Amino acid sequence: MNRSILIAIIIAVAAVGWLLTGVLGDDDPGNQDSANASEGSAATEASSSTDMASPAAAAASKPQAHKTSVRTRISESTPHAVQITVRGRTESVRTVEVRAQTQGRVEQIYRKKGDRVAKGDPIVRLAAGDRSARLAETEALIKQREIEYEADRKLNAKGYRADTQVVAGAAALDAAKAARMSMEVDIAYLTVRAPFDGVISSRPVQLGAFLKVGDPVAVIVDQDPILAIGNISEREIGQVEIGTPAEVVLIDGRKVNGKVRFISPIAESSTRTFRTEIEIDNPDRSIRDGITAEIMLEAGSVQAHFLTPAILTLNDAGVIGVRTVDRNRQVAFVPISIIADGPDGVWVSGLPPQVQIITVGQEFVREGQIVDVALAE
């Protein structure tokens with residue numbers, strides 16, 4: 001027999017035997033179902049175990065929320081007097097340059113620079129010249145005109161003078177009298193007098209100088225009362241009126257009281273501020289012109305809270321305010337306006353009458369956040 005055929009027969013017999021003994025695989029359905037059941041049972045147990053462990057595992061894996069703790073205090077508003085503070089200076093109520101009202105040579109000086117004068121006190125006197133002679137001449141002319149007028153009037157009564165001549169005589173007499181009055185006034189002007197009580201701040205004339213009409217003789221300053229001048233902004237000027245009380249602190253520390261006597265109706269174009277004058281009694285003239293002063297005006301009162309600057313904060317927009325908490329411990333930001341300050345704190349407006357303010361931790365919380373609150377004693 002052919003060798004290759006024999007080998008093929010042997011291989012075929014071996015293959016049939018292998019199939020009959022199940023060597024190629026176990027196709028028993030029971031075994032397969034058992035294996036599947038075992039696998040399903042293991043999966044079920046694993047799933048059940050996972051389901052039972054899921055709440056605890058979730059709780060363990062989820063991070064616990066931590067609330068920020070803050071300290072607060074209750075603040076209540078109280079009436080606070082509003083003050084407008086401006087920098088200013090003192091100024092004399094009147095400063096007048098006295099000038100010559102007639103011409104002449106200075107023949108006598110009565111007052112020097114720095115002297116106090118009362119109204120009507122002489123300062124300098126000019127030489128009379130020929131004024132006395134001209135006054136005597138005018139007096140003589142008046143007598144002549146009186147005689148002429150009297151004669152014309154009597155003759156007119158008898159019918160020997162016309163009415164026009166009588167009127168002309170009366171006019172000539174009045175002209176002579178007017179000339180005398182003019183001479184008397186001119187002679188009175190020879191003595192230059194103080195127009196009001198004050199102090200001579202300068203006196204440029206010297207003995208022997210010749211003055212013409214209008215030449216300066218002296219500058220007189222009236223310092224009682226004295227004025228404190230300040231410029232108030234257009235935002236605050238509506239809170240000030242005539243008669244508003246004011247306290248003025250001078251550069252040397254003295255404090256004096258006064259009242260507003262004038263408010264300019266027109267703002268200065270460069271600063272948009274209004275000139276305001278405060279009148280202060282100065283009987284001893286101890287307050288001088290030009291002293292730097294701080295003017296504090298009373299402008300009514302408002303409900304305000306007194307806070308320490310440490311609890312003030314800024315929001316993201318740069319607005320100044322405070323952070324507060326409500327009944328639900330939720331954080332809020334409330335803008336404020338500072339109306340006055342002092343060595344111990346500031347007065348602010350813009351808050352409710354009663355508010356719970358965060359005093360510690362305000363920089364570490366944000367609006368809408370729920371926080372743990374510790375109320376200060």
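Look a little higher up for the structure.
Our subject in this report is the structure included herewith.

What counts, and where the lines are drawn
Residue numbers here run from 1 along each chain, matching the order of that chain's written sequence. At least 70 in pLDDT is required for a residue's local features to be given in this predicted model, at least 80 for side-chain atom pairs to be given and counted, and no such filter applies to totals for whole chains, interfaces and linings, which use all residues. Each side-chain value is derived from all of the structure's non-hydrogen atoms; neither hydrogens nor water enter the calculation. Residues enter a nonpolar core if they are buried and are Ala, Val, Leu, Ile, Met, Phe, Trp, Tyr or Cys, with the set joined through side-chain atoms within 4.5 Å. Throughout, exposure labels follow a simple rule: accessible area from a 1.4 Å probe, protein chains only, divided by the maximum for the residue type, with under 20% read as buried, over 50% as exposed, and the rest as partly exposed. Numbering of helices and strands runs from the N terminus; a helix is a DSSP stretch of H or I covering at least four residues, while a strand is a stretch of E covering at least two. Should any heavy atoms of two residues lie within 4.5 Å, those residues are considered in contact. Stacked, tilted and edge-to-face are the three classes assigned to paired rings of Phe, Tyr and Trp, where Trp is represented by its six-membered ring and a pair needs centres within 6.5 Å; plane angles under 30 degrees give stacked, over 60 edge-to-face, the rest tilted. Residues with no salt bridge and a relative accessible area higher than 30% make up the patches, which join like charges within 9 Å and nonpolar side chains (Val, Leu, Ile, Met, Phe, Trp, Tyr) within 5 Å. Values of accessible area rely on a 1.4 Å probe in the Shrake-Rupley scheme; residue burial ignores everything except the protein chains shown. Criterion for a salt bridge: a side-chain nitrogen of Lys or Arg within 4 Å of a carboxyl oxygen of Asp or Glu. What counts as an axis is a line fitted to C-alpha atoms, over the stretch in contact for a helix, and the angles between N-to-C directions run from 0 to 180 degrees. The labels follow the angle: roughly parallel below 35 degrees, roughly antiparallel above 145, roughly perpendicular from 65 to 115, and oblique for the rest. What makes a crossing left-handed is the near helix being turned counterclockwise from the far one by less than a right angle; a clockwise turn instead makes it right-handed. Following the grouping adopted for this structure description, the nonpolar residues are Ala, Val, Leu, Ile, Met, Phe, Trp, Tyr, Cys and Pro, the charged ones are Asp, Glu, Lys and Arg, and the polar ones are all others, Gly among them.

### Overview of the nonpolar core
No. 1: The biggest cluster of nonpolar side chains holds 23 residues, and the ones touching the most others in it are Ile84, Ile232, Val248, Ile278, Ile280, Ile295 and Leu297.
No. 2: The set of elements that each furnish at least two residues to this core consists of β2 (78-99), β9 (216-233), β10 (245-250), β11 (255-263), β12 (273-280) and β13 (292-307).
No. 3: Sort the elements by how many residues they give to this core and β13 lands first, with four residues.
No. 4: Setting aside anything within four residues of it in sequence, one finds isoleucine 278 in contact with Ile226, Leu227, Ala228, Ala246, Val248, Gly258, Lys259, Val260, Ile295 and Leu297.

### Digging into unusual backbone geometry
No. 1: The omega angle of the peptide bond from aspartate 224 to proline 225 is 0°, so this bond is cis rather than trans.
No. 2: Mapped onto the elements of the fold, proline 225 is located in strand β9.
No. 3: The phi angle at arginine 272 is positive, at roughly 55°, despite the residue not being glycine.
No. 4: Here the phi dihedral of arginine 285 falls at roughly 55°; this positive angle occurs in a residue that is not glycine.
No. 5: Among the secondary structure elements, arginine 285 is positioned in the loop between β12 and β13.

### Observations regarding the packing of aromatic side chains
No. 1: Taken as a whole, this structure holds one aromatic pair when the rule is applied.
No. 2: Ring geometry for phenylalanine 306 and tryptophan 347: centres 5.1 Å apart, planes at 55°, overall tilted. You can see phenylalanine 306 sitting in strand β13 and its partner tryptophan 347 sitting in strand β18 (residues 346-349), a full 41 residues away along the chain.
No. 3: Judged by its relative accessible area of 35%, phenylalanine 306 is partly exposed.

### Describing a nonpolar patch on the surface
No. 1: A contiguous nonpolar patch, built from Met181, Val185 and Tyr189 and spanning about 260 Å² of accessible area, is present on the exposed surface.
No. 2: Within the secondary structure layout, tyrosine 189 lies in the loop between α4 (163-188) and β6 (191-193).
No. 3: Overall, tyrosine 189 belongs to the partly exposed group, its relative accessible area being 31%.

### A look at the packing of helix α3 (residues 131-158) against α4
The packing of two helices is summarised by the inter-axis angle and the distance between the axes.
No. 1: In the contact formed by α3 and α4, the axes pass within 8 Å of each other and the chain directions differ by 160°. As far as their axial angle goes, α4 and α3 are roughly antiparallel. Considering the relative orientation of α3 and α4, their crossing is left-handed.
No. 2: A per-class count over the contact of α3 with α4 returns twelve nonpolar, four polar and twelve charged.

### Describing the pattern of salt bridges
No. 1: Under the defined criterion, the tally for this structure stands at 18 salt bridges.
No. 2: Salt-bridge contacts for arginine 131 lead to aspartate 186; the nearest nitrogen and oxygen are separated by 2.5 Å. With a gap of 55 residues between them, arginine 131 in helix α3 and aspartate 186 in helix α4 connect regions that are remote in the sequence. There is no split in this pair, since arginine 131 and aspartate 186 are both buried.
No. 3: Among the ionic contacts, a cluster of salt bridges with common partners joins Arg89, Glu91, Arg261, Arg275, Glu277 and Glu279.

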